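Take a look at the letters that make up each chain.
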Amino acid sequence: MEELRKRAGNLLESGQVRVVIGYGEGTGKRVRAVFIQDAGQADCLIFDERCRQNLALYLTRHEVKKLGKPAIVASLPALRAILQLAGECQIAENDIVVLGIGEDGSMLDLPDFAAIEKHVASTVREPDPAEKAQFDLVLAMSLEERWKYWQEQLSRCFKCYACRQACPMCYCSRCTVECNQPQWIPVPSHDLGNLEWHVMRAMHLAGRCVDCGDCSRACPLDIPLYLLNRFLIMDIESRFNQRAGTTAALDYALSTFHPDDKDDFIR
Amino acid sequence: MPEFEPRIVAFVCNWCTYAGADLTGTSRIKYSPNVEVIRFPCTGRIDFMLLLKAFAEGADGIIVSGCHPNDCHYTSGNFHARRRWILFRGLLDFMGIDVRRVQFSWVSAAEGAKWADVVNTTVEAVRKLGPYDNYRQIARSGGV
């Protein structure tokens, strides 16, 4: 933590960056994102096991962009998000400084995207056992059971779009849900609109989701959104051998194709 | 009670399947009238949301059809579409939507007979499955 504060302070003092995006103490033992613009404030940066939010989300927000060149505190999910954002031309290598944090909590030296790619390729994070069990449970259900399960889960959704706001990949300045001519997704919360919204969210993140799980954690109604994303992640990995957030080049499942892609259902 | 007549919506590309369906007609091949054809510039243009909208509007089954791989008028539209369908179809299944009601096919402009066969077999398959009550029920909740 001391090293993190020192590096952040130096970056601000030397003028290499204008803002450090990191974690700080919030209210009631919770952590919150902090945006430090003054070297003297670098001491309020923290990093511990509570710091799970994917801060890469803020890299594309215009309120943060206008503060100037950022440095960002990034553990594995954020590092993957940074690579994916770079692949989608949302951030450039020279426009950010990455304060990488390893799986053991130590600082990483990540001067460029190539170093991030190398770190991401060499690091494995096992999925949460409870989440994996839930995933297998849904997968083992019959078609009718899956329909009932999702209708029940999604019926709670009241379209607050917290899942979208928490997602580092949902950076479109105008989302399809806000289009009203035509109205793709109905505004009120009802079974049809809820299903359409969640199918659309999953599909628009297909091949792009870095599996940080922030959408599920942001959901005030505990809808297991990670199941949809994880299904597509596993499907893409097994069919196309691709995984989001592994390369800073534009190469994700739906940005490309292979003439020999295999399907077993097209007549 | 009259026999259930499935309502099938077909999303087809302009260059191959639409022309193929035209050939079915000019060849005077008779096929099921349950299908309503919607013409698109390319299968790459067929957004997955359109398929959901078709179900919401009361379709019991859907056909999506375009040029064979390597025959796309725009070179690669159908390759991109194929990837999208592979993922979308899996996701629908994972969410409990009956993918037996969605038939994907490649029908070229010379395959008038194949188009008739695709339509007829899809209509019969959906007739056996019955009306898509599950989706209609949630569509009603949205006041569609």
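Quick caveat, the model's predicted, so the values are computed rather than measured.

I'm lost on the interface of chain A and chain B in this one. Help?
Quoted interface sizes are often the accessible area lost when the parts come together. At the interface, 47 residues of chain A touch 41 residues of chain B. Roughly 4100 Å² of surface becomes buried between chain A and chain B when both sides are summed, with 71% attributable to carbon and sulfur atoms. In terms of surface lost to chain B, no three residues of chain A exceed Trp147(A), Phe265(A) and Arg267(A), which account for 21% of the buried area on that side. For Asp261(A), the salt bridge is made with Arg83(B), and the minimal N-O distance between the two is 2.8 Å. Tallying contributions element by element places helix 8 (residues 191-204) of chain A first for the side of chain A that touches chain B, with nine residues. For the side of chain A that touches chain B, the class distribution of residues is 28 nonpolar, eight polar and eleven charged.

Just to check I follow, could you spell out the pattern of salt bridges for this structure?
Oppositely charged side chains may form a pair once their charged atoms are brought near each other. Residues and elements named next belong to chain A. Under the defined criterion, the tally for this structure stands at 23 salt bridges over all chains. Arg243 is paired through a salt bridge with Glu237; the nearest N and O atoms lie 2.9 Å apart. By relative accessible area, Arg243 is classed as partly exposed at 30%. Its relative accessible area of 33% is what places Glu237 among the partly exposed residues.

Explain helix 4 (residues 113-122) of chain A to me, please; I cannot follow it from the model alone.
Residues three or four positions apart in an α-helix share a direction because the helix packs 3.6 residues into each turn. All names here are of chain A. Those residues of helix 4 not exposed but buried are Phe113, Ala115, Ile116, His119 and Val120. What you see down the axis of helix 4 is that its buried residues fit within an arc of 155°, all on one side. Among the exposed residues of helix 4, those pointing more than 90 degrees away from its buried face are Lys118, Ala121 and Ser122. Along its buried surface, helix 4 packs onto helix 3 (76-87) and strand 4 (97-100).

Honestly, the state of the cysteines in this entry has me stumped. Any pointers?
As used in these notes, a disulfide is a covalent bond between sulfur atoms, one from each of two cysteines. By the definition in use, this model includes one disulfide over all chains. Note that Cys16(B) is cross-linked by a disulfide to Cys67(B), the S-S spacing being 2.5 Å. On the sign convention where negative means left-handed, the S-S torsion of about 100° between Cys16(B) and Cys67(B) marks this disulfide as right-handed. Of this pair, Cys16(B) sits in the loop between strand 1 (8-13) and helix 1 (17-26) while Cys67(B) sits in the loop between strand 3 (61-66) and helix 3 (77-94), and the two are 51 residues apart along the sequence. Across this residue pair, the class does not change: Cys16(B) and Cys67(B) are buried. Just so you know, Cys172(A) is unpaired, no disulfide at all, and the nearest cysteine sulfur is the one on Cys175(A), 6.8 Å from it. No disulfide involves Cys42(B); its sulfur sits 3.9 Å from that of Cys72(B), the nearest cysteine.

How should I be thinking about helix 1 of chain B in this particular structure?
Residues and elements named next belong to chain B. All of the buried residues along helix 1 are Thr17, Gly20, Ala21 and Thr24. End-on, the buried residues of helix 1 take up no more than an arc of 100°, which puts them together on one face. Those residues of helix 1 hidden inside the fold are in contact with strand 1, strand 3 and helix 4 (112-129).

Is there a simple way to explain the pairing of strand 4 (residues 102-106) of chain B in this structure?
The side chains of a regular strand alternate between the sheet's two faces. Residue and element names in this part refer to chain B. By the criterion of burial, strand 4 is predominantly enclosed, with five of the five residues buried. Where burial is concerned, the two faces of strand 4 agree: the one with Val102, Phe104 and Trp106 and the one with Gln103 and Ser105 are both buried. For strand 3 and strand 4, the ladder comprises five bridges, and the chain directions are parallel. Bridge pairing in strand 4 places Val64 opposite Phe104.

For this particular structure, what's the right way to read the packing of aromatic side chains?
The geometry of an aromatic ring pair comes down to the distance between the two centres and the angle between the two planes. Per the stated rule, a full pass over the model turns up 18 aromatic pairs over all chains. Consider the rings of Tyr23(A) and Phe47(A), whose centres lie 5.8 Å apart with planes at 65°: the pair is edge-to-face. Note that Tyr23(A) is positioned in strand 1 (residues 19-25) and Phe47(A) in the loop between strand 2 (31-36) and helix 2 (62-65), a separation of 24 residues in sequence. Between the aromatic rings of Phe35(A) and Tyr58(A), the centroid separation amounts to 4.9 Å while the plane-to-plane angle is 90°, which identifies the pairing as edge-to-face. Highlighted residues: Phe35(A) in strand 2 and Tyr58(A) in the loop between strand 2 and helix 2, separated in sequence by 23 residues. Residue classification places Phe35(A) among the partly exposed residues on the basis of a relative accessible area of 30%. In textbook terms, an aromatic cluster arises when at least three aromatic residues are bridged by ring pairs, as seen for Phe135(A), Tyr149(A), Trp150(A), Phe231(A) and Phe94(B). Across from the ring centre of Tyr18(B), 4.4 Å away, lies the NZ or CZ of Arg39(B), which sits over that ring. Directly above the aromatic system of Phe240(A) lies the positively charged group of Arg83(B), at a separation of 3.8 Å from the ring centroid.

Could you clarify how one ought to interpret the sheet that holds strand 2 (residues 35-40) of chain B in this entry?
Strand pairing in a sheet relies on backbone hydrogen bonds. The paired strands run either parallel or antiparallel. Residues and elements named next belong to chain B. Sheet architecture is open: four strands sit in the order 2-1-3-4, paired in parallel fashion. In the strand order of this sheet, the two ends are held by strand 2 and strand 4, each with one partner. Each neighbouring strand pair of the sheet contributes to a mean axis angle of 20°, computed without reference to strand direction. Where helix 3 meets the sheet, it contacts strand 3 and strand 4, and its direction lies at approximately 155° from that of strand 4. Strand contacts of helix 4: strand 1, strand 2, strand 3 and strand 4, with the helix running at about 160° to strand 3, the strand carrying the most contacts.

Rules used in this analysis
- Residues numbered from 1 in each chain as written.
- Chains lettered and ligands numbered in written order.
- Predicted model: local features only at pLDDT ≥ 70, side-chain atom pairs only at ≥ 80, totals over all residues.
- Heavy atoms only, no water.
- Contact = heavy atoms within 4.5 Å.
- Buried area = accessible area lost by both parts, 1.4 Å probe.
- Salt bridge = Lys/Arg side-chain N within 4 Å of Asp/Glu carboxyl O.
- Helix = DSSP H or I, 4+ residues; strand = E, 2+ residues; numbered from the N terminus.
- Nonpolar A, V, L, I, M, F, W, Y, C, P; charged D, E, K, R; others polar.
- Buried < 20%, exposed > 50% of the residue type's maximum accessible area, 1.4 Å probe, protein only.
- Arc of directions from axis to C-beta.
- Disulfide = S-S within 2.5 Å.
- Pairing = 2+ DSSP bridges.
- Phe/Tyr/Trp six-rings, centres within 6.5 Å; stacked < 30°, edge-to-face > 60°.
- Lys NZ or Arg CZ within 6 Å of the ring centre and 35° of its normal.
- Axes fitted to C-alpha atoms, helices over the stretch in contact; angles between N-to-C directions.

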